[in-house]
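Chain by chain, the residues run as shown.
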Amino acid sequence: MSKKLAVITSGGDAPGMNAAVRAIVRRGVGLGYDMIGIRRGFRGLLEDDFVTLTTRSVSRIINLGGTILHTGRCPEMKTETGLNRAVRMIKELNVDGIVVIGGDGSLAAGNALSKSGVKVINIPASIDNDIYGTDETIGYDTALNTAVDAIDNIRDTATSHDRIFVVEIMGREHGFLTLDVGLAAGCEFVVVPEMPLNVEEIASELQKGKEKGKTSEIVAFAEGAGSSEEFAAKIAQLTGLEVRVSILGYIQRGGRPTARTRILASQFGSLAVELLDAGQSNLLVCLEDGKIISRPISEAIAGHKQLNKMQCELINKLSV
Ligand code: F6P
């Protein structure tokens, strides 16, 4: 009797999704499964849009950003009608299980499908690294390196002009990416949604920095912390110094995945298939203290990842 597994990428794309798809397909084929890929996220599932995947269809994708399956956000999955249709479509596809690669929306969809009797394993993928239960998500390390490279470039022009820069980093709800970018790029300050903002204090410290001989000063500002433009205008007004804003935006979502992202994606993908093959379901594969493990999806949904506030202090201590 033939066995079949499906894989889907859903929500915002993240570099390394392709490396995960490759691992899932090749591990699945290795264990005797026929493999299919659902296209365009859960919308593709609802519209019966899928492709057969073989070991060769995933050749030369380990180094590609984006997702060969395409992705999207699908609000219908939050409705009973959408969920029922998704369950029906999965039954019609006659698959033994599905691997869902994505962020928090994908986790919620995975959880709902599991509760409706579908065998699901979720893989955390998001540049935001905001999923509780895993130390890292697929794509995070790549986005971090992209943003740090961009700030290194900004530092050159900031120094040449003796300017302050406010650099906006992606992260609609959380500042995990901004915090690590801040430390790795040697920023003077970070502004994140999780911590109170004191513009006057930052302005005064930036001014002191100038007096101490700093030729450039950079504030890493998380997208979810408010308007970077308004913040920059306020800093300019309070300090009388020249301030520029640079919004890094979607360049952080694309690009060649780093080696670290590819390794994590390959490990997550392989384990996801092995768990389905062992008859397991409703699990999220995770990185915990250097080990690849799995935990119930419900646990990851219920938890809230905490920002390392000590790191904020370290950034300030090192930017003297
Ligand atoms: O989830 C990743 C993320 O890049 C957030 O940081 C950002 O706010 C959001 O997605 C934007 O997503 P989109 O414009 O694709 O809906």
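Residues numbered from 1 in each chain as written. Predicted model: local features only at pLDDT ≥ 70, side-chain atom pairs only at ≥ 80, totals over all residues. Heavy atoms only, no water.

Colleague: Even after reading the chapter, I still don't get the sheet that holds strand β7 (residues 189–191), so can you show me in this structure?
Modeller: Note: strands within a sheet are paired through backbone hydrogen bonds, in either parallel or antiparallel orientation. With parallel pairing, four strands are arranged side by side in an open sheet as β7-β8-β6-β9. Single-partner strands in this sheet number two, and they are β7 and β9 (243–247). Geometrically, the sheet is characterised by an average inter-axis angle of 20° between neighbouring strands, direction not taken into account. Note: strand β6 (residues 164–169) against β9, five bridges, orientation parallel. Pairing of V166 across the sheet is with V245, part of β9. Relative to β6, helix α5 (residues 140–161) is tilted by about 160°, and along the sheet it contacts β6, β8 (217–222) and β9. Strands β6, β7, β8 and β9 of the sheet are contacted by helix α8 (residues 228–239), whose axis makes an angle of about 165° with β9. (Pairing = 2+ DSSP bridges. Helix = DSSP H or I, 4+ residues; strand = E, 2+ residues; numbered from the N terminus. Axes fitted to C-alpha atoms, helices over the stretch in contact; angles between N-to-C directions. Contact = heavy atoms within 4.5 Å.)

Colleague: Looking at this model, I keep getting lost on the packing of aromatic side chains. Mind explaining?
Modeller: Two numbers describe a pair of aromatic rings. These are the distance of the centres and the angle of the planes. Counted according to the given criterion, the structure contains one aromatic pair. An angle of 40° between the planes, with centres 5.1 Å apart, marks the rings of F221 and F231 as tilted. One end of the pair, F221, is in strand β8; the other, F231, is in helix α8, with 10 residues separating them in the sequence. We note that F221, like F231, is buried. The ring centre of Y33 lies 4.3 Å from the NZ or CZ of K3, which sits over that ring. Sitting over the face of the ring of F176, K305 holds its NZ or CZ atom 5.7 Å from the ring centroid. (Phe/Tyr/Trp six-rings, centres within 6.5 Å; stacked < 30°, edge-to-face > 60°. Buried < 20%, exposed > 50% of the residue type's maximum accessible area, 1.4 Å probe, protein only. Lys NZ or Arg CZ within 6 Å of the ring centre and 35° of its normal.)

Colleague: I would appreciate a short explanation of the layout of surface pockets in the present structure.
Modeller: Any empty space left between atoms is shown by rolling a water-sized probe over those atoms. In this structure, the largest pocket encloses a volume near 710 Å³. As for the largest pocket, its lining consists of 30 residues, of which G12, R73, D104, G105 and R172 are closest to the centre. Looking at the lining of the largest pocket residue by residue, the classes come out as 11 nonpolar, nine polar and 10 charged. Counting contributing residues per domain, the lining of the largest pocket is built from domain 1 (3–139 + 257–302) and domain 2 (141–253), each supplying no fewer than three. Roughly 440 Å³ of volume is contained in the second largest pocket. Forming the boundary of the second largest pocket are 21 residues, of which F189, V190, E201, I202 and N316 lie nearest the centre. Broken down by secondary-structure element, the contributors of at least two residues to the lining of the second largest pocket are β7, α7 (199–211) and α11 (309–318). (1 Å grid on protein atoms, 1.4 Å probe; cavity = no way out; pocket = protein on both sides within 12 Å on 5 of 7 lines; lining within 4 Å. Points joined across faces, edges and corners; volume = space filled by probe spheres on them. Nonpolar A, V, L, I, M, F, W, Y, C, P; charged D, E, K, R; others polar. Domains from an automatic or database assignment.)

Colleague: Could you clarify how one ought to interpret the site of the ligand in this entry?
Modeller: Taken together, the residues surrounding the ligand are R73, I127, D128, M170, G171, R172, E223, Y250 and R253. Here D128 contributes a side-chain N or O atom positioned 2.8 Å from an oxygen atom of the ligand. One of the side-chain nitrogen or oxygen atoms of R253 is found 2.9 Å away from an oxygen atom of the ligand. Most atoms of the ligand, that is more than half of them, are within 2 Å of grid points of the largest pocket. Partitioned by chemical class, the residues of the shell around the ligand number three nonpolar, one polar and five charged. Here the shell around the ligand gathers at least three residues from each of two domains, domain 1 (3–139 + 257–302) and domain 2 (141–253). (Near = heavy atom within 4 Å. Polar contact = N/O pair within 3.5 Å; in protein donor to acceptor, adjacent residues only side chain to side chain. Sits in = over half its atoms within 2 Å of the grid points.)

Colleague: So what exactly am I meant to see when it comes to helix α9 (residues 259–277) here?
Modeller: Spanning 19 residues, α9 covers 27 Å between terminal C-alpha atoms, matching the ideal 27 Å at 1.5 Å per step. Looking at α9, one finds that the buried residues are T261, R262, L264, A265, S266, F268, G269, L271, A272, V273, L275 and L276. Once α9 ends, the next one or two residues include G279, with phi positive near 85°. (Expected span 1.5 Å × (residues − 1).)

Colleague: Whenever I open this one, the pairing of strand β1 (residues 3–9) confuses me. Can you help?
Modeller: A regular strand places its side chains so that they alternate between the two faces of the sheet. Most of β1 is tucked away: five of the seven residues are buried. With six bridges connecting them, β1 and strand β2 (residues 33–38) associate as parallel partners. Residue pairing across strands places V7 opposite G37, the latter belonging to β2. Following the backbone out of β1, through helix α1 (residues 17–30) and into the adjacent parallel β2, one traces a crossover that is right-handed. (Right-handed = clockwise from strand over helix to strand, strands pointing away.)

Colleague: Mind showing me how you'd approach the domain arrangement of the chain here?
Modeller: Where interface size is given, it is often the accessible area lost as the parts come together that is meant. Split by domain assignment, the chain resolves into domain 1 (3–139 + 257–302) and domain 2 (141–253). In this complex, domain 1 contributes 15 residues to the contact, which on the side of domain 2 involves 12 residues. Of the roughly 1,100 Å² buried between domain 1 and domain 2 on both sides combined, carbon and sulfur atoms contribute 49%. One can count one salt bridge joining domain 1 with domain 2. Where R253 meets D13, a salt bridge forms, and the shortest distance between an N and an O atom there is 2.9 Å. If you look at where domain 1 meets domain 2, you find seven residue pairs in polar contact (both at pLDDT 80 or more). When grouped by side-chain class, the residues that make up the side of domain 1 that touches domain 2 number four nonpolar, five polar and six charged. (Buried area = accessible area lost by both parts, 1.4 Å probe. Salt bridge = Lys/Arg side-chain N within 4 Å of Asp/Glu carboxyl O.)

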